[in-house]
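These are the residues of each chain, in order.
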Amino acid sequence: MFSNEDLKCLDPEYFAIITTDAYDVTIMSRNTGHYWYLHNPEYPEQGTVIIFHKHKASHPYHQHGRANTLRQAVRSIRGHDRWQMNGRKW
């Protein structure tokens, strides 16, 4: 479950915050335009965050990874943005 303290790591200058609640966060990176859906099912253990990603609003989400905290998930997204903007290698 995401607390109000957890949600403070979502910088509104970096992310367009689409929706947040106790278990789900949907954001868009202002740098890449990519969408991120972060889900905390508290299963199998409390603190697990599943990271889903898509490149455009019309695309379906795919699982991108997992994190232990929302802050860790945000660091992962920022790292992905850096990789994306620095000319990813195919």
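Residues numbered from 1 in each chain as written. Predicted model: local features only at pLDDT ≥ 70, side-chain atom pairs only at ≥ 80, totals over all residues. Heavy atoms only, no water.

Trainee: Would you mind going over the nonpolar core with me for this structure?
Mentor: Nonpolar side chains in soluble globular proteins tend to be buried together. With 17 residues, the main nonpolar core has Val 25, Ile 27 and Leu 38 as its most contacted residues. Elements supplying a minimum of two residues to this core: strand 2 (24–29), strand 3 (35–39), strand 4 (49–54) and helix 2 (70–85). Among the elements that line this core, the one with the most residues is helix 2, at four residues. Apart from the residues within four sequence positions on either side, Ile 27 is in contact with Leu 10, Phe 15, Ala 16, Ile 17, Ile 18, His 34, Tyr 35, Trp 36, Leu 38 and Ile 77. (Core = buried A, V, L, I, M, F, W, Y, C linked by side-chain atoms within 4.5 Å. Buried < 20%, exposed > 50% of the residue type's maximum accessible area, 1.4 Å probe, protein only. Helix = DSSP H or I, 4+ residues; strand = E, 2+ residues; numbered from the N terminus. Contact = heavy atoms within 4.5 Å.)

Trainee: Help me understand the environment of Ser 29 in this model?
Mentor: In this fold, Ser 29 is placed in strand 2. Residue Ser 29 is classed as buried on the basis of its relative accessible area, which comes to 0%. Placed 49 residues apart in sequence, Ser 29 and Arg 78 show a C-alpha to C-alpha distance of 8.5 Å. Those residues within four positions of Ser 29 in sequence are excluded, and the remaining contacts are Tyr 14, Phe 15, His 34, Trp 36 and Asp 81. Here the side chain of Ser 29 touches Asn 31 through a polar contact of 3.2 Å, landing on its backbone nitrogen. (Polar contact = N/O pair within 3.5 Å; in protein donor to acceptor, adjacent residues only side chain to side chain.)

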